[in-house]
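Residues per chain are reported as follows:
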Amino acid sequence: MKKDDKLERYLGATIVLTKGVKEYRQTIDRFVNMQDSVLEIGFAWGTTTDLLSKVASKVVGIDKGLSYRTAIKDHPQLELYQLDAFEIKKVIDLGYSFSVIYIDVSGCRSMFDIITLIKMYENAFRPGVIVVKATKLKGFVRRCIVWDSSSNR
């Protein structure tokens, strides 16, 4: 076998944009299974993190908000950390790899911040899928057309 055949080429994560918590949670059955290790950024009260823990082999949640205390009281079985997602070194230092990442920070972040988070976590963990709850970003992307100059005839 050639050396190149042994190298797995990372082509980037599939990015799934959702509008609202209902769509965000509906993705779980489609994109998460028992082989997955999942990170949820912005777990708030821990409800989605708990749902993820029922279908994934490992789930970790991070959130910088004050809801952290309520979440750990309501969901003591979950592995939750009070961390700011932009302090990615601290998340990396937890020592986990993640095959799927869920991001729910749209209530307190700009579209630019969300895109920055997507790229940071994609580069750091190389997940197969990143699910993002970002109503404004989804609306913006829906209006976009990806130009391919090779198809212009």
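All residue numbers refer to position in the chain's written sequence, counted from 1. Predicted model: local features are reported for residues with pLDDT of at least 70 only, side-chain atom pairs are reported and counted for 80 or more only, and whole-chain, interface and lining totals are derived from all residues. The side-chain values count all of the structure's non-hydrogen atoms but skip hydrogen atoms and water molecules.

Participant: Would you take a moment to explain the packing of aromatic side chains for this structure?
Facilitator: Only rings of Phe, Tyr and Trp enter the pairing, Trp through its six-membered ring, and a pair is recorded when the two centres are within 6.5 Å. The plane angle decides the type: under 30 degrees is stacked, over 60 is edge-to-face, the rest tilted. One pass over the full model with this rule turns up five aromatic pairs. Look at Tyr24 and Tyr102: their rings are 5.3 Å apart centre to centre, the planes differ by 75°, and that puts the pair in the edge-to-face class. Of this pair, Tyr24 sits in helix α2 (residues 20-26) while Tyr102 sits in strand β5 (residues 100-103), and the two are 78 residues apart along the sequence. Across this residue pair, the class does not change: Tyr24 and Tyr102 are buried. What links up through ring pairs into an aromatic cluster is the set Tyr96, Phe98, Tyr121 and Phe125. For the purposes of this entry, the term helix denotes a DSSP run of H or I that reaches at least four residues, the term strand denotes a run of E that reaches at least two, and both are numbered from the N terminus. Three labels apply to residues, based on accessible area from a 1.4 Å probe with only protein chains included: buried if under 20% of the type maximum, exposed if over 50%, partly exposed otherwise in between.

Participant: Help me out: how do you make sense of the packing of helix α7 (residues 111-125) against helix α8 (residues 135-142) in this one?
Facilitator: Where α7 contacts α8, the axes come no closer than 9 Å and their chain directions differ by 90°. Here α8 runs roughly perpendicular to α7, going by the angle between their axes. Contacts from Met111, Ile114, Ile115 and Ile118 of α7 reach α8 at Lys136, Leu137 and Phe140. Residues were grouped as follows: Ala, Val, Leu, Ile, Met, Phe, Trp, Tyr, Cys and Pro as nonpolar; Asp, Glu, Lys and Arg as charged; and all remaining residues, including Gly, as polar. For the contact of α7 with α8, a count of residues per class yields six nonpolar, no polar and one charged. Fitted lines through C-alpha atoms serve as axes, helices being fitted only where they are in contact, and the angles separating the N-to-C directions of these axes extend from 0 to 180 degrees. Comment on the angle field: the value is read as roughly parallel under 35 degrees, roughly antiparallel over 145, roughly perpendicular from 65 to 115, and oblique elsewhere. Contact between two residues is taken to exist if any of their heavy atoms lie within 4.5 Å; hydrogens are not considered.

Participant: I'm lost on the nonpolar core in this one. Help?
Facilitator: General note: in soluble globular proteins, nonpolar side chains tend to be found buried as a group. Buried Ala, Val, Leu, Ile, Met, Phe, Trp, Tyr and Cys residues that are joined via side-chain atoms within 4.5 Å together make up what is termed a nonpolar core. Counting residues in each nonpolar core, the largest one holds 22 residues, and the members touching the most others are Leu39, Ile41, Ile62, Ile101, Ile103 and Tyr121. Looking at this core, the elements that each hand over two or more residues are β2 (37-41), β3 (58-63), α6 (88-92), β5, α7 and β6 (129-133). Counting residues per element, this core draws most heavily on α7, at five residues. In contact with Tyr121, other than residues within four places in its own chain, are Leu39, Ile41, Ile62, Ala85, Ile88, Val91, Ile101, Arg126 and Pro127. The next biggest cluster of nonpolar side chains, apart from the first, holds 12 residues, and it includes Val32, Leu52, Tyr102 and Val131.

Participant: What should I look at first to understand the pattern of salt bridges in this one?
Facilitator: Once the charged atoms of two side chains with opposite charge are near each other, the side chains can pair. One speaks of a salt bridge when a side-chain nitrogen belonging to Lys or Arg is within 4 Å of a carboxyl oxygen belonging to Asp or Glu. According to the stated counting rule, one finds seven salt bridges in the structure shown. We note a salt bridge from Lys138 to Glu23, for which the minimum N-O separation is 2.7 Å. Here Lys138, found in helix α8, pairs with Glu23, found in helix α2; they are 115 residues apart in sequence, far enough to count as distant. Lys138 sits in the buried class, given a relative accessible area of 13%. Across the salt bridge formed by Glu122 and Lys119, the nearest N and O atoms sit 2.8 Å from each other. Here Lys119 and Glu122 lie together in helix α7, a separation of three residues that amounts to about one turn.

Participant: Sorry if this is basic, but what is going on with α7 here?
Facilitator: Owing to its 3.6 residues per turn, the α-helix brings residues three or four apart onto one side. Its 15 residues place the ends of α7 21 Å apart at the C-alpha level, agreeing with the 21 Å of an ideal helix rising 1.5 Å per residue. All buried positions along α7 are accounted for by Ile114, Leu117, Ile118, Tyr121, Glu122 and Phe125. Summarising the axial view, the buried residues of α7 lie within an arc of 125°, below the 170-degree limit, and thus occupy one face. In α7, the exposed positions angled more than 90 degrees off the buried face are occupied by Phe112 and Asn123. Trailing α7 by a residue or two, Arg126 shows a phi angle of about 50°, which is positive. The span you would expect from a helix comes to 1.5 Å times its residue count less one. This arc corresponds to the set of directions leading from the helix axis out to the C-beta atoms.

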